Amino acid sequence: MSPEARAAFESLAGVAREGLAGLPKSDAEVFMLRLERYWQDLFDGLKPPYGARDDSDASLERLVRLLAARYAERPEDLKALDLERNLTPDWFQSERRVGYVFYADRFAGDLAGVADGLDYLEELGANYVHVMPLLRSRPAGLDDGGYAVSDYRKVQASLGTMEDLRELCARMRGRGMSLCLDLVLNHCAREHEWAEGARRGIPEYEEMFHVFGDRTLPDEYEKTLPEVFPETAPGNFTLIEETGKWVWTTFNDYQWDLNWSNPRVFLEMADVLLSLANVGVEVFRLDAVAFMWKELGTSCQNRPEVHDLLQALRACSRISCAAVVHKAEAIVGPDELVTYLGTSAHHGKESDLAYHNALMVHLWSSLASRDARLMAHALGRFPRKPANAAWATYARGHDDIGWAITDEDASAVGLDAGAHRSFLSDFYSGGFPGSHARGAVFEQNPATGDRRISGTLAGLAGLELAQETGDEALMEMSVRRVLLCHALIFGYGGIPLIYMGDELGLAADHSYLEDPNRRDDNRWMHRPRMDWRKAARRHSRARWSTPCSPASAPSSTPGGVPRTCTPRRRSRSWTSFTRASSPSSARTPGPAPRPPQLHGGDPLREPRPPPRPRHDVARGPHKRPGSEGAEGRRGARPVRGALARERLVTRGTRSRRVLVCNA
């Protein structure tokens, strides 16, 4: 501990003990030991953003009182979990951790329904359960999918109460499951009590946001700011009609950016986090963290102070609720992504988990182009994460997909980055010739040409099109793509996250078009309601496309959630995927779509192989081209069962054999 930090600790140790006066001596000592252990992290995280302020010492004292008070209130069973996690700090890095992600209302109606669905989650193997936005959001329906929070201390009324959440956490904990909850750090709803105060012109509440008297400074900021929603919410500032002032709104005009340069914001949000941890939340998904700090002349993303603040918040959790881990939702470029796990001075001290957005992006890029070179190059040079942190890997999420492919990575493998990103948007929106995808463009930016993509896993992988057309060959290939996606996120390392319904191949839900509050946001197409009738057929040996018979469904709750589950059986024979020794007897799925032309003008060609000798010791007498089935006609031989085969690839005058995925 540095001399400056030591002096601050000793001056405030008595303040901490005052807050612990009612606890047993041993319990109080546990807190004091943790406070001392993580004091340097806390002190170093708070000094850059707040150290120069006149009220910095008073703010630090208030924080210490808060940490002691929330620890004193923490239930005994959660304190026991804290001690267990102190002994196994890598608990979330276990290979047995499997995540499942869903909206509570779309999974089972409300929190009581989620509790009734725990058998299903347990059968699936899920023990990290991310229940998406539970906290009360603005009432008008325009709430950014629940991410416009109007009250951090209440559950959305339609889902239940805080006591329902407490009960759900306890039941999950009894099954070895951890509940993950969203905590939106960058902004709150204009209906939040802080924003209501600012709308009335009360100075102390205005200081919790970025409020400007006129457009002078906002116009200066706009010169370097990108737009998150250029079509539906252009610009980054919104007029406050009640006062005639302007407030910073990075996302939508009803989502007001919090002013993290004000230490009161840190204190308030730390209090919210610790209070929810005492309810039983074990993982916090910290939303939109990249935008937390503003600086004129920059993009106001990924600023150094963001990392200071995240380190300080993690230290607060380590001191008062040691069982809790933080996950950074930072959908940023690959060079900035690893910094949210902590690098340099913040190494291993910032977030415990972060979404591996680059892995997801390059997965879909490789499937579209039938070429993994860009993926191999980009991930091959990816910075190493701290040993005490883990990735959250996923094939898709509740949000859109932005093509975070850098110009440097693309040019390194001979691609034009802009053209490749455009190709991916065309391919996954179904506009590219031969595309199997059924996605849709989300938020086209006319200034940059960027187009993000919405769509379910089934839609992007081709299952939706296969169902519509009855194309058996496409069905085979689509299933392989789905399996490959999940093989990758399970095998890469970290916590694999399954989005609700992907295990069943749920198709897009276009009913959002009938809702006037949602029809302009096509991300709702890949947020379908859980199909419990389809889930009830998961034990049947019949093919998944067989019509559902309600009489065959198991007993269920009123909400349709199965009460009992048994181990899953394969719904079809997979032997045709691995039966390579007898090509004539194997069922061939037919030729796959030809790979699209790589950007740069040189197409990837797959010619017939050069003539072989008339007699080959390994293969026997030479056969005419076409006599070995579809694989023989393409000059490839199946290897390693279902997932890969060897292929001769020629570019210009050079040829080489590569191992490629059958998907």
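The rules behind each value
- Residues numbered from 1 in each chain as written.
- Predicted model: local features only at pLDDT ≥ 70, side-chain atom pairs only at ≥ 80, totals over all residues.
- Heavy atoms only, no water.
- Helix = DSSP H or I, 4+ residues; strand = E, 2+ residues; numbered from the N terminus.
- Buried < 20%, exposed > 50% of the residue type's maximum accessible area, 1.4 Å probe, protein only.
- Contact = heavy atoms within 4.5 Å.
- Areas by Shrake-Rupley, 256 points an atom, 1.4 Å probe, with all protein chains shown as cover.
- Pairing = 2+ DSSP bridges.
- Core = buried A, V, L, I, M, F, W, Y, C linked by side-chain atoms within 4.5 Å.
- Axes fitted to C-alpha atoms, helices over the stretch in contact; angles between N-to-C directions.
- Parallel < 35°, antiparallel > 145°, perpendicular 65-115°, else oblique.
- Disulfide = S-S within 2.5 Å.
- Salt bridge = Lys/Arg side-chain N within 4 Å of Asp/Glu carboxyl O.
- Left-handed = near helix turned anticlockwise from the far one by under 90°.
- Nonpolar A, V, L, I, M, F, W, Y, C, P; charged D, E, K, R; others polar.
- Lys, Arg positive; Asp, Glu negative; His and termini not counted.
- Polar contact = N/O pair within 3.5 Å; in protein donor to acceptor, adjacent residues only side chain to side chain.
- Expected span 1.5 Å × (residues − 1).
- Arc of directions from axis to C-beta.
- Phe/Tyr/Trp six-rings, centres within 6.5 Å; stacked < 30°, edge-to-face > 60°.
- Lys NZ or Arg CZ within 6 Å of the ring centre and 35° of its normal.

Asks: I'm lost on the overall build of the protein in this one. Help?
Replies: Along the protein, the regular secondary structure elements total 24 helices and 22 strands. Taken across its 663 residues, the protein has 55% of its residues classed as buried. Long-range pairs, those at least 24 residues apart, make up 70% of the contacts in the protein between residues at least 6 apart in sequence. As displayed, the protein offers around 28400 Å² of accessible surface, 51% of which is attributable to carbon and sulfur atoms.

Asks: Before we go on, may I ask you to explain the pairing of strand β14 (residues 390–394) in this structure?
Replies: The side chains of a regular strand alternate, first on one face of the sheet and then on the other. Counting buried positions along β14 yields 5 of 5 residues, so the element is predominantly enclosed. Here β14 shows two buried faces, one formed by Ala 390, Ala 392 and Tyr 394 and the other by Trp 391 and Thr 393. When strand β13 (residues 353–355) meets β14, the two strands line up parallel, connected through 3 bridges. Bridge pairing in β14 places Ala 354 opposite Trp 391. With 3 bridges connecting them, β14 and strand β17 (residues 495–499) associate as parallel partners. From the neighbouring strand, Ala 392 faces β17, where its bridge partner is Ile 495.

Asks: What is the right way to read the sheet that holds strand β7 (residues 211–212) from this model?
Replies: Paired through their backbone hydrogen bonds, the strands of a sheet run either parallel or antiparallel. Strand order across the open sheet formed by 3 strands is β7-β9-β8, with antiparallel pairing between neighbours. The open sheet has two free edges, formed respectively by β7 and β8 (237–240), since each of these has just one partner strand. As judged from the 4 bridges shared by β8 and strand β9 (residues 245–248), these two strands associate in the antiparallel manner. Bridging across to β9, Thr 238 finds its partner in Val 247.

Asks: How should I be thinking about the nonpolar core in this particular structure?
Replies: One recurring pattern in soluble globular proteins is that nonpolar side chains are buried together. Ranked by size, the top nonpolar core spans 183 residues in total, and within it Trp 39, Phe 107, Tyr 152, Trp 260, Phe 266 and Tyr 428 carry the most contacts. Of all the elements, helix α12 (residues 263–279) adds the most residues to this core, at 11 residues. With 6 residues, the next largest nonpolar core counts Phe 212, Leu 225, Phe 237 and Cys 300 among its residues.

Asks: Would you mind showing me how to read the packing of helix α8 (residues 162–174) against α12 here?
Replies: Angle between the axes and distance between the axes: these two values describe a pair of packed helices. The contact between α8 and α12 brings their axes to 8 Å, and the two run at 60°. With respect to each other, α8 and α12 are oriented oblique. Across the interface between the two elements, Met 162, Leu 165, Arg 166 and Cys 169 from α8 touch Leu 276, Asn 278 and Val 279 from α12.

Asks: What am I meant to see in the sheet that holds strand β12 (residues 325–328) here?
Replies: If you trace the 8 strands once around the closed barrel, you get β1-β2-β5-β11-β12-β13-β14-β17, paired in parallel fashion. Going across the sheet, the axis of each strand differs from the next one's by a mean of 25°, ignoring polarity. Judged from the 2 bridges that link them, β12 and β13 form a sheet pairing that is parallel. In the strand pairing of β13, Lys 327 is matched with Leu 353.

Asks: How should the pairing of β17 be read in this particular structure?
Replies: Here β17 lies mainly inside the structure; 5 of its 5 residues are buried. Residues of β17 alternate between two faces, with Ile 495, Leu 497 and Tyr 499 on one and Pro 496 and Ile 498 on the opposite face, all of them buried. With 3 bridges joining them, strand β1 (residues 99–103) and β17 adopt parallel strand pairing. Within β17, the residue paired with Gly 99 across the bridge is Leu 497.

Asks: Hey, could you run me through the state of the cysteines in this one?
Replies: Going through the model one piece at a time under the given rule, you end up with 0 disulfides. Left unpaired, Cys 321 is separated from the closest cysteine sulfur, that of Cys 316, by 8.7 Å.

Asks: Quick question: what am I supposed to make of the pattern of salt bridges here?
Replies: Working definition: two side chains of opposite charge can pair if their charged atoms are close together. Enumeration over the complete set of coordinates arrives at 47 salt bridges. Linking Glu 204 and Arg 264 is a salt bridge whose minimum nitrogen-to-oxygen distance equals 3.1 Å. Residue Glu 204 is located in helix α10 (residues 203–206), and its partner Arg 264 is located in helix α12; the two are separated by 60 residues in the primary sequence. Looking at Glu 204, the relative accessible area reads 43%, which means it is partly exposed. Owing to a relative accessible area of 24%, Arg 264 belongs among the partly exposed residues under this scheme. Residue Glu 468 pairs with Arg 438 through a salt bridge whose shortest N-O separation is 3.8 Å. You can see Glu 468 sitting in helix α20 (residues 463–469) and its partner Arg 438 sitting in the loop between α18 (417–428) and β15 (440–442), a full 30 residues away along the chain.

Asks: Quick question: what am I supposed to make of the packing of helix α15 (residues 357–369) against helix α21 (residues 472–491) here?
Replies: Relative orientation of the contacting elements α15 and α21 amounts to 150°, with a least axis distance of 11 Å. For the element pair α15 / α21, the angle class is roughly antiparallel. Considering the relative orientation of α15 and α21, their crossing is right-handed. Mapping the contact onto sequence places Leu 359, Leu 363, Trp 364 and Leu 367 in α15 and Arg 481, Leu 484, Cys 485 and Leu 488 in α21. Across the contact of α15 with α21, the residue classes break down as 7 nonpolar, no polar and 1 charged.

Asks: Can you walk me through the side chain of Glu 443 in this structure?
Replies: Counting through the fold element by element, Glu 443 comes out in the loop between β15 and β16 (452–454). Arg 452 is the oppositely charged side chain nearest to the buried, salt-bridge-free Glu 443, at an N-O distance of 5.6 Å. For Glu 443, the side chain forms a polar contact with the main-chain nitrogen of Glu 231, separated by 2.9 Å. Of note is the side chain of Glu 443, whose polar atom sits 2.9 Å from the side chain of Thr 232. Excluding residues that lie within four positions of it along the chain, Glu 443 makes contacts with Phe 229, Pro 230, Glu 231, Thr 232, Asp 450, Arg 451 and Arg 452.

Asks: Help me understand the environment of Ile 331 in this model?
Replies: Within the secondary structure, Ile 331 sits in the loop between β12 and α14 (334–337). Look past the residues within four positions of Ile 331 in its chain and what remains in contact with it is Tyr 355, Asn 357 and Tyr 394.

Asks: What's the story with α8 in this structure? I'm lost.
Replies: Along an α-helix, residues three or four apart share an orientation, since each turn contains 3.6 residues. Along its 13 residues, α8 runs 19 Å from first to last C-alpha, staying within 8% of the 18 Å computed at 1.5 Å per residue. Burial in α8 covers these residues: Met 162, Leu 165, Leu 168, Cys 169 and Met 172. One side of α8 carries all its buried residues, which in axial view fall inside an arc of 115°. Elements in contact with the buried residues of α8: α6 (111–116), α7 (118–124), β2 (128–132), β4 (149–155), β5 (178–184) and α12. Positive phi shows up at Gly 176, right after α8, with a value of about 80°.

Asks: Would you mind showing me how to read the environment of Asp 44 here?
Replies: Note that Asp 44 resides in helix α2 (residues 25–50). Taking the C-alpha atoms as reference points, Asp 44 and Ala 345, separated by 301 residues in sequence, lie 9.4 Å from one another. Those residues in contact with Asp 44, other than ones at most four positions away along the chain, are Asp 308 and Gln 311.

Asks: I tried to follow the packing of aromatic side chains on my own but got confused; where do I start?
Replies: Aromatic ring pairs are defined here through the distance separating the ring centres and the angle between the ring planes. Taken as a whole and assessed by the stated rule, the structure comprises 29 aromatic pairs. Both rings, one in Tyr 50 and one in Phe 266, keep their centres 6.3 Å apart while their planes meet at 70°; by these two values the pair is edge-to-face. Pair noted here: Tyr 50 is in helix α2 and Phe 266 is in helix α12, with a separation of 216 residues, a long-range link. Like Phe 266, Tyr 50 is buried. With a centroid separation of 6.2 Å and an interplanar angle of 80°, the aromatic rings of Phe 229 and Phe 442 are classed as edge-to-face. Taken together, the positions of Phe 229 in the loop between α11 (216–222) and β8 and Phe 442 in strand β15 put the pair 213 residues apart, joining distant regions of the chain. The exposure class of Phe 442 is buried, given its relative accessible area of 4%. An aromatic cluster is defined as three or more aromatic residues linked by ring pairs; in this entry it consists of Trp 364, Trp 403, Phe 423, Phe 427, Tyr 428 and Phe 432. The side chain of Lys 79 reaches across the aromatic face of Tyr 71, ending 4.4 Å from its centre.

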